[in-house]
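An overview of the molecular structure
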Amino acid sequence: QVFPIDCATGKAGAPIAVPQGANHFAVAGEAILLACGGYRAGAYNVDTHLFSWKVDAANQDQSLSIKYGGRFAFVSGVMVWANHDSQVVGLDPAQNGKVLWKVDGKPFPSAFLVHEGRVYVSLPGAGLLSIDAKTGAVAWKLEIEDAHLFTPVRIGGKPCFWSSDGWLIEVP
């Protein structure tokens, strides 16, 4: 179950039953966009308790969700999802999860940060990607060997990632 929180008041709403393994959520109209780890993403109807649509990764190993998490972001009308196939995928919720684009995210996509229509994705031990959320075009890739980029933060309104070797990386 999840509990919706009213951001204005901080009050929790009535619990909503969601599929087992669902771990990342966003509300889109009458449905909840969700990721069940990196093996499935979709729109879940809270009234019928069924997926309106879903997209499955080829790799259905649910134990990978503990490591890879299956994160997603919702930006510019696109659901951007990191799946177990080491891809970052753009899905169109308005078209039943139509795959708009795919970007290689090897070794595996980790933390996301959305800023001005771009999705910045850390690739542990490999670097950082800047992806246009609407088109899937990779604007740039910063290669950082042997460093892991952790949860992104905004400092002074600018997107930044902390690295495992102690650097704060500000992205353009």
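Summarised in this report is the structure supplied together with it. What you see is a predicted model; the values in this text were computed from it and never measured.

Some points on the packing of aromatic side chains
Counted according to the given criterion, the structure contains two aromatic pairs. On the basis of an interplanar angle of 75° and a centroid distance of 5.5 Å, the ring pair of tyrosine 44 and phenylalanine 51 is categorised as edge-to-face. Note on phenylalanine 51: relative accessible area 24%, which makes it partly exposed. The interplanar angle of 40° and the centroid separation of 5.9 Å between the aromatic rings of tyrosine 120 and tryptophan 140 together place this pair among those described as tilted. Linking tyrosine 120 in strand S10 (residues 118-123) with tryptophan 140 in strand S12 (residues 138-143), this pair joins segments that are 20 residues apart in sequence. Overall, the relative accessible area of 2% leaves tyrosine 120 in the buried class. Overall, the relative accessible area of 24% leaves tryptophan 140 in the partly exposed class.

Each value, and the rule that gives it
Residues numbered from 1 in each chain as written. Predicted model: local features only at pLDDT ≥ 70, side-chain atom pairs only at ≥ 80, totals over all residues. Heavy atoms only, no water. Phe/Tyr/Trp six-rings, centres within 6.5 Å; stacked < 30°, edge-to-face > 60°. Buried < 20%, exposed > 50% of the residue type's maximum accessible area, 1.4 Å probe, protein only. Helix = DSSP H or I, 4+ residues; strand = E, 2+ residues; numbered from the N terminus.

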